[in-house]
Every structure is written in structure tokens, then in C-alpha cells.
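# Fold and geometry: a report
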Amino acid sequence: MKIMTVVGARPQFIKAAALSRVLRREHTEILVHTGQHYDANMSDIFFEEMEIPRPDYHLGISGGSHGEMTGRMLMELEKVAQRENPDALLVYGDTNSTMAAALAAVKLHIPVIHVEAGNRLGTLDNPEEVNRIVTDHVSRLLFCATEDARQKLVREGLGDRAHVVGNIMYDSFLHFADKPWEPRILDHEGRPVPVPAEFYYMTCHRQENAGSDEPLTEILHAMNSLDAPTIYAVHPRNRERALRIRERDGLDNILLTQPVGYSDSVHLTQHAKKIVTDSGGLQCEAFYAGVQCVFILDYVVWPETMVGNRNQLAKPDRADILRKLSAEQTVDPAYRPFGDGHTAEKICDVLREVKL
Ligand code: UD1
Ligand code: UDP
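Residue numbers run consecutively from 1 along every chain, following the written order of its sequence. Naming scheme: in the order in which they are written, chains are lettered from A and ligands are numbered from 1. Two thresholds apply to this predicted model, a pLDDT of at least 70 for residue-level local features and 80 or more for giving and counting side-chain atom pairs, whereas whole-chain, interface and lining totals are computed over all residues. Side-chain calculation: all heavy atoms of the structure are included, whereas hydrogens and water are not.

### What to know about the pattern of salt bridges
We define a salt bridge as a contact between a side-chain nitrogen of Lys or Arg and a carboxyl oxygen of Asp or Glu at a distance within 4 Å. Within this structure, the stated rule accounts for 29 salt bridges. Measuring nitrogen to oxygen at the nearest pair gives 2.9 Å for the salt bridge that ties Glu-247 to Arg-246. The structure contains a network of salt bridges with shared partners spanning Asp-213, Arg-241, Arg-244, Arg-248 and Asp-249.

### A few points about the site of ligand 1
Around ligand 1, a shell composed of 18 residues is seen, among which Gln-36, His-37, Glu-128, His-235 and Arg-237 lie nearest. Pairing of N or O atoms within 3.5 Å defines a polar contact, subject to two protein rules: one partner must be a possible hydrogen donor and the other a possible acceptor, and residues neighboring in sequence count only if both atoms are side-chain atoms. The contact in question runs from an oxygen atom of ligand 1 to an N or O atom on the side chain of Arg-237, over 2.5 Å. Within the complex, the protein chains bury 84% of what would otherwise be the 750 Å² of accessible surface of ligand 1. Listed by contribution, the elements that provide at least two residues to the shell around ligand 1 are helix H3 (66-84) and helix H5 (127-138). Considering only residue class, the shell around ligand 1 consists of 5 nonpolar, 9 polar and 4 charged. When we say a residue is near a molecule or strand, we mean one of its heavy atoms is within 4 Å of it. Per-residue accessibility takes into account occlusion by the displayed protein chains alone, with areas from the Shrake-Rupley method and a 1.4 Å probe. We count a stretch as a helix when DSSP gives it H or I for four or more residues in a row; a strand needs E for two or more, and each element gets its number in order from the N terminus. Here the term charged refers only to Asp, Glu, Lys and Arg, the term nonpolar to Ala, Val, Leu, Ile, Met, Phe, Trp, Tyr, Cys and Pro, and the term polar to all other amino acids, Gly among them.

### Re the site of ligand 2
Near ligand 2 there are 19 residues, and of these Val-260, Ser-265, Ser-279, Gly-281 and Glu-285 occur at the shortest range. Within the backbone of Gly-281, one N or O atom sits 2.7 Å away from an oxygen atom of ligand 2. Within the complex, 94% of the 530 Å² of free accessible area of ligand 2 lies under protein. For the shell around ligand 2, the secondary-structure elements that each account for two or more residues are helix H1 (10-23), strand S8 (200-203), helix H11 (262-271) and helix H12 (280-289). Broken down by class, the residue content of the shell around ligand 2 amounts to 9 nonpolar, 7 polar and 3 charged.

### Notes on the sheet that holds strand S9 (residues 230-233)
One requirement defines pairing of two strands: DSSP has to find at least two bridges between them. Pairing is parallel across the open sheet formed by 6 strands, whose spatial order is S10-S9-S8-S11-S12-S13. Strand pairing shows two members of the sheet lacking a second neighbour, strand S10 (254-257) and strand S13 (311-314), which therefore form its edges. Direction aside, neighbouring strands of the sheet carry axes that sit 20 degrees apart on average. Pairing of strand S12 (residues 293-296) with S13, which is carried by 4 bridges, proceeds in the parallel orientation. Bridge pairing in S13 places Cys-293 opposite Asn-311. The contact criterion used is simple: two residues touch if any of their non-hydrogen atoms lie within 4.5 Å. Here the axes come from fitting lines to C-alpha atoms, over the contacting stretch only for helices, and the angles between their N-to-C directions go from 0 to 180 degrees. Across the face of the sheet, helix H9 (residues 213-224) comes into contact with S8, S9, S10, strand S11 (275-277) and S12 while running at roughly 170 degrees to S8. Its contacts with the sheet put helix H13 (residues 318-325) on S11, S12 and S13, and the angle it makes with S13 is roughly 170 degrees.

### What about the pairing of strand S4 (residues 88-92)?
A regular strand places its side chains so that they alternate between the two faces of the sheet. Using a 1.4 Å probe on the protein chains alone, a residue whose accessible area is under 20% of its type maximum counts as buried, one over 50% counts as exposed, and one in between counts as partly exposed. Here S4 lies mainly inside the structure; 5 of its 5 residues are buried. Burial along S4 is two-sided: the residues Ala-88, Leu-90 and Tyr-92 and Leu-89 and Val-91 are all buried. In the sheet, S4 pairs with strand S5 (residues 112-117) via 4 bridges, with the strands oriented parallel. Bridge assignment links Leu-89 to a residue of S5, and that residue is Val-112.

### Thoughts on the packing of H11 against H12
At a minimum axis separation of 9 Å, H11 and H12 run at an interaxial angle of 55 degrees. Taken together, H11 and H12 sit at an angle that is classed as oblique. Here H11 and H12 pass one another in a crossing that is right-handed. Note on element contacts: H12 touches H11 through Leu-282, Glu-285, Ala-286 and Ala-289, opposite Tyr-262, Ser-265, Thr-269 and Gln-270. Of the residues in the contact of H11 with H12, the class split is 4 nonpolar, 3 polar and 1 charged. Roughly parallel means an angle under 35 degrees; roughly antiparallel means over 145; roughly perpendicular covers 65 to 115; every other angle is labelled oblique. When the near helix sits turned anticlockwise from the far one by under a right angle, the crossing is termed left-handed; a clockwise turn instead gives a right-handed crossing.

### Comments concerning the packing of H1 against helix H7 (residues 168-176)
As a packed pair, H1 and H7 sit with axes 8 Å apart at the nearest point and diverge in direction by 85 degrees. If you check the angle between H1 and H7, you find them roughly perpendicular. Contact residues: H1 offers Ile-14, Lys-15, Ala-18, Leu-19 and Arg-21, while H7 offers Ile-168, Met-169, Asp-171, Ser-172 and His-175.

And the structure:
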């Protein structure tokens, strides 16, 4: 088949790295980068380090309101899809790039394949939830990371299109985990940051937590009071805010860094004492690594991780975060809900069997 894959944001590059490699053994892939993430350390670094094929199209669309960004992507992706006329269009996850591509394709009667289908938070206040629901409902083929995700699709009448294949991010994680590590972590001014012997690893970029001073201040104060420094890899959208709060409140136990490459992120995860994040992907990686995680959001994204205190929800509240960080974890090491790290092969098996 000729498959047009659309990516645009950091987690999608990481997912594409695992699937493109395997997909291209049997299919022709046209790779389109919408441009949603564009800084070198949010985009190029992943293409280079993870040997992702060079995009055939780069649309250069980023920023603006959700509607504006999605609308511009929809217009340009429609043109590319018309020109390429693929047999299918493949998208990952839940970003604006995902939904724009799915809508462009379905209107042209191009079958849509959604990888990481069926996740639900249960609230339309979360912008990604809208993208997930719309994408799932216009897709022909739904690849779920877990049985729980498939059950959610069954409840929405989409069970006949759904296949459980494991988490594609687990494939990428295993590819980089336990390899020799040469850290290339830079502070906000581009100076190398030595990795402390003991540290906590944090990412935090969601609107709910980093879109105003109050929640981010609570989170940073909690981390600053811990028994080891926190490496906070800051998303560009909240760089200025994080820097200002750290300077204002003298939070010297926090190391603010630029976004790091994937290999660094995997190794920081494996070596951290604990992880604090609002990232969907990083909480799963913490789970794979057996490292305890505190997830700062009101909603569960990956219910499979919420066992034995391995992953716990916390409010952006100092006391709540510290309470959750002090809990002991009790998880059976044999519990592996995310597949075996061969999700890419499983997706290709299904593509061979089904008629789109
Ligand atoms: C998006 C996804 C979110 C995902 C995150 C992954 C949507 C609705 N949300 O959120 O699900 O968790 O990506 O990282 O698609 N910016 C830069 N440089 C970049 C990228 C972004 O400066 O390379 C700044 C821009 O000012 C931009 C802002 O960050 O306006 C927000 O970026 P955007 O892509 O809109 O959303 P994310 O918060 O990254
Ligand atoms: N990640 C990374 N560098 C960073 C922060 C995160 O490589 O500085 C990786 C992280 O290991 C995970 C993915 O990016 O694999 C998560 O992406 P993000 O948090 O941007 O999106 P989300 O998971 O919330 O969709």
C-alpha cells in the first residue's frame, strides 16, 4: 500500500520512529510533518537521533489558536492527500495534527488508520480528548495500546474496527533503554548540565499546570524541597514562566533544562529516583522502567499504570505532590500491560490481513 503518515508533535516523532522502520519493509510511506513542533530540540533532534526518514512534505504550520492551527493544517493536508492519493492515511495519538489529518482524509474517502486509539479521559475540557474522539470516529482501523482502550471503543460502537497491539512507544523505549548513555543535556542558555548522582526527573507543560503561575509555583516548590535536585526539561511554551518563578523564589534545587533528546529522556527516566510529569508518554516510560511516577492532572490517561502506587494522580498542590512522592510502590514485576515491544510488527500483521 501507499500510506501517508502525518506527524507534527514530539511524541508522534517518537512513535513514527518505531513504526516507519517496520512499515517501510512492506509499504511505501509518504511522511508529512505539519510543523506543529518546530524548535530543533522539539523536532530535528528526534529525526536525527532516531533515524526517522526525512519528511516528504513539511508544511510549516504552528502556533495560533486551536481552531486556526487545525484549520490551516486541514487545508494544506487536503492538498497533499489529493496530490499523493494514498491507499490509507496513518496518524498517531491526539494532537491537532492528528485530528486535522484524519478529517482531511475522511472527506476525500481515504481510509484513516489511528494508532493509539481508544484512550479517554472523560472530559471535553481537555483539548486532546476532542482530537481523540473525532479521530477515532472517522477512522477505518483503530490500533489500541491496551484492552481497556478497546473496551472504550466497544462502548462507543467502534469495537469492530479495533485491534489491541500494545503500545508503540514501548517499542521505541526498548530500542534505547539500557544502552550506553552520553548525556547531552543543556541549560536554558545552552551550557551542558552535568547529571547529578541522584535526581528526580520532571516534565510539565499542560495548560492546566503550566499555563499560569499558581499551579507551576506549587509544583516547583514541592520539587525544590526534595532530598535531591530535580531535572526539569522545560517545554518551550512555559520556558519564560518557569525561569521567572525559579529566579523569583530562589528554587536552587531545580535544574531547568532545554527539552532533551529521546535517548536522554529514556536514560533520565531509568536513572531517576522518581518522576513527576503531566505527560502521557513519560508516565508510561516511567512504568516500563519500574520507576515510580506522580502524574499531575485531574484525569487518568493510562489506567493500567495506576496500580500499587506505581503511578498516582496528584493535584498541582505542594502537600499532595509530596504525599504521593513519599508513598511506597508495590507492583508485581510480571505485570506488563503494554505488550511485548513488537507493536510495529503487530500493526503490520493486521494491515496484511484486513481489507481497508
Ligand atoms: C501539543 C499537544 C499535546 C502534547 C504536546 C506534546 C495539541 C492540542 N496538544 O501541545 O497533546 O502533549 O504537544 O509536547 O496538539 N512551541 C515552541 N516551539 C516548538 C513547539 C511549540 O515554541 O517547537 C510553543 C509555541 O508558542 C506554541 C506553544 O508552544 O504556540 C504550544 O505548542 P502547541 O503545539 O500548540 O501545543 P503543545 O502544548 O506543544
Ligand atoms: N521527551 C523527550 N524530551 C523531553 C521531554 C520529553 O524526549 O525533554 C519524551 C518523553 O520521553 C516521551 C515523550 O517525549 O517519550 C512525551 O512527549 P510529550 O510530553 O511532549 O507529549 P505527551 O506525552 O504529553 O503527548
